[in-house]
Protein chains: 2
Amino acid sequence: MKDKYIGKSIPRVDGVGKVTGEAKYVGDLYLPGMLYGKIFHSTIAHGIIEKINTDKAKALKGVAAVLTYEDVPNIKFTTCGHPLPNDTPLDSLILGKKIRYYGEPIALVAAESLEIAEEALKLIEVTYNILPAYFTIDEASDLNAIEIHENTKNIADSSSYIIGNPDKAFAEADYVFEDEINLPIVAHSPIENFVSLAYLDDLGDLVIHSCNQSPNILRRILAFALNMPISKVRIIKTLIGGGFGGKQEPVHEQLNAVLTLATRKPVKLEYTREETISITRTRHSMIFKIKTGLTKDGRFIARELNVKSNTGAYSGHGHSVCGNISGQFADFYPSKNMRFSATTYYTNILTASAMRGYGIPQLCFATESHIDNIAYKMNMDPLELRRINFFPKDYKNEKLIIRSYALPEILETGRIKTHWDEKRKSYKNQSSTVKKGIGVAFFSYKQNTYNHGVELASARVTVNEDGTVYLGIGACEIGQGSDTVLSQIAASTLGVSIENIKIPPIDTAYSPFDLGAYASRQTTLAGIAVKKASLFCKQDLIQLASKMLLRDSSRLDIEDDFIFDTLSGEKLIGVKDVAEKTYYNMDNPRTIVHEATANPDVNAQSTGATFAEVAVDTKTGRVEVINLVAIMDSGKIINPVLAEGQVLGGHVMSFGYGLMEQILIDPKTGKVLNDNLLDYKIPTMADTPPTEVIFIETDEPSSPYGNKSLGEPANIPPAAAIRNAIFNALNIKPNEKLNQLPLTPQRILQAIKEV
Amino acid sequence: MKDKYIGKSIPRVDGVGKVTGEAKYVGDLYLPGMLYGKIFHSTIAHGIIEKINTDKAKALKGVAAVLTYEDVPNIKFTTCGHPLPNDTPLDSLILGKKIRYYGEPIALVAAESLEIAEEALKLIEVTYNILPAYFTIDEASDLNAIEIHENTKNIADSSSYIIGNPDKAFAEADYVFEDEINLPIVAHSPIENFVSLAYLDDLGDLVIHSCNQSPNILRRILAFALNMPISKVRIIKTLIGGGFGGKQEPVHEQLNAVLTLATRKPVKLEYTREETISITRTRHSMIFKIKTGLTKDGRFIARELNVKSNTGAYSGHGHSVCGNISGQFADFYPSKNMRFSATTYYTNILTASAMRGYGIPQLCFATESHIDNIAYKMNMDPLELRRINFFPKDYKNEKLIIRSYALPEILETGRIKTHWDEKRKSYKNQSSTVKKGIGVAFFSYKQNTYNHGVELASARVTVNEDGTVYLGIGACEIGQGSDTVLSQIAASTLGVSIENIKIPPIDTAYSPFDLGAYASRQTTLAGIAVKKASLFCKQDLIQLASKMLLRDSSRLDIEDDFIFDTLSGEKLIGVKDVAEKTYYNMDNPRTIVHEATANPDVNAQSTGATFAEVAVDTKTGRVEVINLVAIMDSGKIINPVLAEGQVLGGHVMSFGYGLMEQILIDPKTGKVLNDNLLDYKIPTMADTPPTEVIFIETDEPSSPYGNKSLGEPANIPPAAAIRNAIFNALNIKPNEKLNQLPLTPQRILQAIKEV
């Protein structure tokens, strides 16, 4: 009966309202006297505003405010929240005079209706000093390129390290292989666009309802950018219709804030899908140069990786994403000799930043494609090549201690489950024009930003006077199911029914401090805080019951909302009664509430592999993904159905990354060409391949219930697995067309053609 | 510099929004899809619903729901919140089949507009079994009267005690005097009517924005009456436009709740002024029989009080109000021989319940009128008679220890300030038809319900990462200024600027648990919780700074947002820096938040006197109050301007009680005849007499900063002081007409005529 709700597929605690449509998203909220915000976008990619005339727009009836860079605080800030003091460049302004990408907001309108606001946009007149614009790393890093940001040489940041003596090791290696991998810009594509509703409270202070994933970080950055005290900026997190890392930065809230502060009225700012795609955030496009030196038997004795990352007009999370790559590169296939270098470049396109996996989907594609290329060249089984080289059970370094490990079991399970050996053999000689292939990609992923960023999660458990429980958290439900899983942890720890646990919406004016939903940290880190606070309350309840019952507390425990005798099993008193007598007694009435904070001192690694089987029509280049098999070690699984949902969702997303998705930039203007969901293709249910999810459950001692990260890991390997399956199907030499994403029919036909 | 903000007239922290109108009351709130609630009222005072037909109303286009007793939970509850388990009768239903007063809600409508809702009311058809109705205690207590509530004999509750041997003492007394005092029903008359906005949250749970003074009690009672867990009932306290004790019970929220639960849509239920006057709550009308036995030199050696209280149709706080009278009767003019008895009767009028002063304004009027009657008969100075008999400095009993005391100083200050002796002398022989008089009334009042009710107040202080502070409280700002005063306590204790303190609105899903605004308990009890939580945070900040600075913490203190060296006075580090480094460091990031709870173990007494000077036109009976002088011991005054405002407000209210106010019940139907502010007169600014406020500051050791209760005390003595001044002006024998309120010109003319 212990851990009653752990490992159980409890239905989502927030499911009914979402299914019935009764639940409200920010877009569903309206306030009396509310204004509608709209953005006036630049129509150039690089330049300086020479003159902007908003007089006509301001004169339009129903327009409450038109703001430009002259009307808003001129404080440079970073939209990247962690950690403090800011370690990403302070390169953003709420509104600036300089324009750095096509579509950049340069004026804001608030009006009584959306129609009036849109009409007002047409009345704004702007003239520019146009500067040459650079959309690629090559262009931006040209010695003659002018600087997008002053004194940067168009480099946001760079980093490097050397371990051992890679030059010597490469020289001594039996084989050295090298690949260049090119990855596209892709969009987060949440169902819900970016939207916020801002107003001033009764004290004139700013309140923003937003679908932001990291309310406390948002609060801090807004306070900084607006030069306001943190206590006067309140963020109420509403339901979120998907975030995927794109909603963790202030992207629209600061625009809404200045409109609200200027008009002193509620303002709703709701992005269109076009705006969500073309002016929010993307996954970094990257160019990898990866090189491996091996012994004859396939051991990696030297590894080298160079990453060029295109962060676009502003840094956002910028080079931190390469920071994540840097660590994971070193750890997953460790070698005594390694060289890593990475540079993040500014260009005149929209800003790339955090996205589910934080650089590791790119790294995984590069590494896992490279390994399959090597295996082909060495005529080795790709599984075997990985088994020889991934980190061992006793792997340990200054920043990482492995204490739960399942890589060999994952590999073996996949091999058997997918009939790997038979299929790899049988697919060698296919005469049909439609060729089948099987491939795999492995990954390792940490949780939270321990050792790179500051980590902090808190929870407050309040046992109400009737024994029901408020679970106060700052960890954000963004659709991933964290409210359900954290409720399971609280209910299991406390010994109360999950129906008696309620999580109030996150509100920075009240909720315990937590840095938000990113880095797969909710269940793993916030879960610790929830467990701690729940344990405090449980101990409190037991002590209270012990006094009420005059029984030794060491013999008391809680289960099914009752304090019971651990020896006899007898139910002694309800949690409800203990609570009521504690709040309402004449001698010493008191409350039952405990807050706890967690910060990590270790960073466990989730690992896994996705096996993909494909059929490639060599006449059309069309790829059918016959199935995916995901085999994951995410430690103990708290909620199997939700966990499976996470993996399925991550796999669909990575399937799109592999075969379909790419934001296209007009090489002349810098405009996003496919800023809608007709032209920017994401997978639909009809596209989704059959996917089997298998959890190899380990028990991670650093986690609340043995669990490890899951949300981001789910998004990492499929694109690479599909690519390797295609490579296997085509049975051709490694080819640069297959070192790119997305693997469109066109690219596949080109790859075949080049043979 | 210690206690920097204590004793300072800090402007109200919530002042600007209220003055500019930007602040929002519940009536200002609208939600998309919101319905409007309206009540169908009974048109009889006592009876049973024979048939109620709502079909036509339901069929009206735009009507979302019509509810009767058949549609709502049939759970009897009490609207009186303290304490648990309920010690007032469970005599209320959300909607019942039995009708107990004219205007009682018997059906509810929710419709798309107010107009449709009102139209629907007209379509409801009801037939009654009419029962005889009783509006007075005499009628209801008649042996042949049928029972308004089953098995009650129309008595809600009764109580009595005897101290010493009153019969013997009365027999031995040199003098025995007796009075009967009759007090009317009056209304709280807040500017803001009763209004609430209810809706279901994203999880389908109930949320109510209400102007209720006791959100946590409201939550508990609603949960009970609706048979819902407490965690699924969330109360958000909005700004309150006056409460005066009338808004501490669920009066309208339960009606709104059932409409919202039935329609699953937001519903606003806003009472009209007529409804606020005729179906919410009133001050109890009471009949006092008071008797005193004295020695020749004026010492009270025997006292007796019998109270009959008319609680109307439901108990509400019912007999608890007599409980308060019972204690105060015994303590303020203590005697070794006392007899007390009190009975609270049900009648068929609207419900009387808690109102500012909780019975003590009635007791004060009775006692102080009686004392002046005695003084007249004994030809003694009324001041002297009081000085001989009020409780002494070392007064002490099981429930009360006096540790701060200023009664003689109050008396002496008043005597000198008002030129009492000269005026009493000179007013003895006046020949003009307009006669002047001077009178006084004294009182003593406790704070919170210690020793009778459960008391609990909590506060949560959060030092944000920039050193600004959230002060989380459950104590309710209802216009009295508690947010400002509690901010002063937090700022003074913490050593931070008051501008850096922000109190988020009370929300039962998050705010620390507190029983609400009643019994003058905010500054005195919640103040202790605020001080405790602030001290925890201060100690935390000092320890943190000590580690950061490598300095002995015993030499550190905080002032003006800086940690300083107590010996050198040197400012060492800002609270902002300590907070930022605490939240954001790689080694052990954490938050700075502390919650504290307070419950009282003693009940200090505020005392005071109001001196009134009047001119009575003996031709017309018109009374002009020339001036009032309030002399108050409320301990140390935290905010002089706000405290003065409290006293002035209380005095205006009691002035209205003395001369103008009375709810009139139609003796035929039981209908409230004057249910609007044209017919129910409350004082306007033009009526308000000049009032001087003098605080005699004592230092009460049980309080956070030496303070004592103030809000209710301010409302107690003026009516009696004005009455005694009129009595002095008329210079006639004690007269039953002067033993009543309000002292309308008519009553005064009758009193003169009877001489």
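Scroll up a little and you will see the structure.
Residues numbered from 1 in each chain as written. Chains lettered and ligands numbered in written order. Predicted model: local features only at pLDDT ≥ 70, side-chain atom pairs only at ≥ 80, totals over all residues. Heavy atoms only, no water.

### A look at the packing of aromatic side chains
The full count for this structure, using the stated rule, is 31 aromatic pairs over all chains. Ring centres of F329 of chain A and F340 of chain A lie 6.1 Å apart, and the angle between their planes is 35°; this geometry places the pair in the tilted category. Of this pair, F329 of chain A sits in helix α9 (residues 320–332) while F340 of chain A sits in strand β17 (residues 338–346), and the two are eleven residues apart along the sequence. Take F329 of chain A and F340 of chain A: they sit in the same class, and that class is buried. Between F332 of chain B and Y333 of chain B, the aromatic rings sit 4.6 Å apart at their centres with planes inclined by 55°, giving tilted as the arrangement. In this pair, the class of F332 of chain B matches that of Y333 of chain B, namely buried. Joined through ring pairs, the aromatic side chains of F300, F332, Y333, F390, F391, Y395, Y405 and F442 of chain A make up one cluster. Sitting over the face of the ring of Y30 of chain B, K268 of chain B holds its NZ or CZ atom 3.8 Å from the ring centroid. The positively charged end of R723 of chain B is found above the aromatic ring belonging to F727 of chain B, 4.8 Å away from the centroid. (Phe/Tyr/Trp six-rings, centres within 6.5 Å; stacked < 30°, edge-to-face > 60°. Helix = DSSP H or I, 4+ residues; strand = E, 2+ residues; numbered from the N terminus. Buried < 20%, exposed > 50% of the residue type's maximum accessible area, 1.4 Å probe, protein only. Lys NZ or Arg CZ within 6 Å of the ring centre and 35° of its normal.)

### Things to note about the state of the cysteines
This model, assessed by the stated rule, comprises zero disulfides over all chains. Of all cysteine sulfurs, the one in C537 of chain B lies closest to C537 of chain A, which takes part in no disulfide; the gap is 19 Å. A disulfide-free cysteine, C80 of chain B has its sulfur positioned 13 Å from the sulfur of C322 of chain B, the nearest such atom. (Disulfide = S-S within 2.5 Å.)

### Focus on the interface of chain A and chain B
Contact residues are listed per partner, giving 66 residues for chain A and 66 residues for chain B. Together, the buried faces of chain A and chain B total about 5300 Å²; carbon and sulfur atoms form 57% of this surface. Counting the surface chain A buries against chain B, the share from its top three residues, D202, Y510 and Y584 of chain A, is 14%. Linking chain A to chain B there are eight salt bridges. E22 of chain A is paired through a salt bridge with R264 of chain B; the nearest N and O atoms lie 2.7 Å apart. Joining chain A to chain B, the criterion identifies 24 residue pairs in polar contact (both at pLDDT 80 or more). (Contact = heavy atoms within 4.5 Å. Buried area = accessible area lost by both parts, 1.4 Å probe. Salt bridge = Lys/Arg side-chain N within 4 Å of Asp/Glu carboxyl O. Polar contact = N/O pair within 3.5 Å; in protein donor to acceptor, adjacent residues only side chain to side chain.)

### A closer look at the relation of the copies chain A and chain B
Overlaying chain A with chain B gives an RMSD of 0.0 Å, the required rotation being 180° about an axis along which the chain moves by 0.0 Å. Overall, the copies show the geometry of a two-fold rotation axis. Ranked by how close their C-alpha atoms come to the rotation axis, the residues of chain A are headed by Y510 of chain A, at 3.0 Å. Comparing interface residues between copies, 100% of those in chain A also sit at the interface in chain B, which points to an isologous, same-surface contact. (Least-squares fit on C-alpha atoms with pLDDT ≥ 70 in both.)

### Topic: the sheet that holds strand β20 (residues 457–463) of chain B
Residue and element names in this part refer to chain B. Spatially, β22-β21-β20-β26 is the arrangement adopted by the four strands of the open sheet, whose pairing is mixed. Because the sheet does not close on itself, it has two edges, and the strands there are β22 (501–502) and β26 (592–598). Relative to β22, strand β21 (residues 469–473) runs parallel, the two sharing two bridges. Within the sheet, the bridge partner assigned to V469 lies in β22 and is I501. Running over the sheet, helix α14 (residues 482–494) touches β20, β21 and β22 and is turned about 130° from β21. Against the sheet, helix α15 (residues 522–549) contacts β20, β21 and β26, and its axis sits at roughly 150° relative to β26. (Pairing = 2+ DSSP bridges. Axes fitted to C-alpha atoms, helices over the stretch in contact; angles between N-to-C directions.)

### Quick look at the sheet that holds strand β6 (residues 125–130) of chain A
All names here are of chain A. A sheet is described by the order of its strands in space; here three strands give the open sequence β4-β2-β6, paired in antiparallel fashion. Strands with a single pairing partner mark the edges of an open sheet, and in this sheet they are β4 (98–99) and β6. As paired strands, strand β2 (residues 47–53) and β4 are joined by two bridges and run antiparallel to one another. The residue bridging G47 from the neighbouring strand is I99, located in β4.

### What about the pairing of strand β27 (residues 606–617) of chain B?
Remember that side chains alternate between the two faces of the sheet whenever the strand is regular. Residue and element names in this part refer to chain B. Among the twelve residues that make up β27, eleven are buried, leaving the element largely enclosed by the rest of the structure. As defined by bridge partners, β27 adjoins strand β28 (residues 623–633) across ten bridges and the pair is classed as antiparallel. Bridge assignment links A612 to a residue of β28, and that residue is L628.

### Digging into a negative patch on the surface
Together, E178, E180, E736 and E754 of chain A give the surface a local cluster of negative charge. Position of E754 of chain A among the secondary structure elements: in helix α19 (residues 745–754). (Patch = residues over 30% accessible without salt bridge, like charges linked within 9 Å, V, L, I, M, F, W, Y side chains within 5 Å. Areas by Shrake-Rupley, 256 points an atom, 1.4 Å probe, with all protein chains shown as cover. Lys, Arg positive; Asp, Glu negative; His and termini not counted. Charge placed at Lys NZ, Arg CZ, Asp CG, Glu CD.)

### Observations regarding helix α12 (residues 407–417) of chain B
Residue and element names in this part refer to chain B. Among all positions of α12, only L407, I410, L411, G414 and R415 are buried. Along the long axis of α12, the arc covered by the buried residues comes to 125°, so they all point the same way. Buried residues along α12 sit against α9 (320–332), α11 (382–389), α13 (420–426), β19 (434–445), β27 and β28. (Arc of directions from axis to C-beta.)

### Focus: the pattern of salt bridges
Across all of its chains, the model carries 74 salt bridges over all chains by this definition. K502 of chain A is the partner of D201 of chain B in a salt bridge, and the nearest nitrogen-oxygen pair spans 2.4 Å. In this pair, D201 of chain B sits in the loop between β10 (195–200) and β11 (206–210) while K502 of chain A sits in strand β22 (residues 501–502), so the two residues belong to two different chains. Here D201 of chain B matches K502 of chain A in class, with each residue buried. The residue R281 of chain B makes a salt bridge to E249 of chain B at a minimum N-O spacing of 3.0 Å. Residue R281 of chain B is located in the loop between α8 (273–279) and β14 (282–283), and its partner E249 of chain B is located in the loop between β12 (233–237) and α7 (253–263); the two are separated by 32 residues in the primary sequence. Taken individually, R281 of chain B and E249 of chain B each receive the classification buried, so the pair is uniform in this respect.

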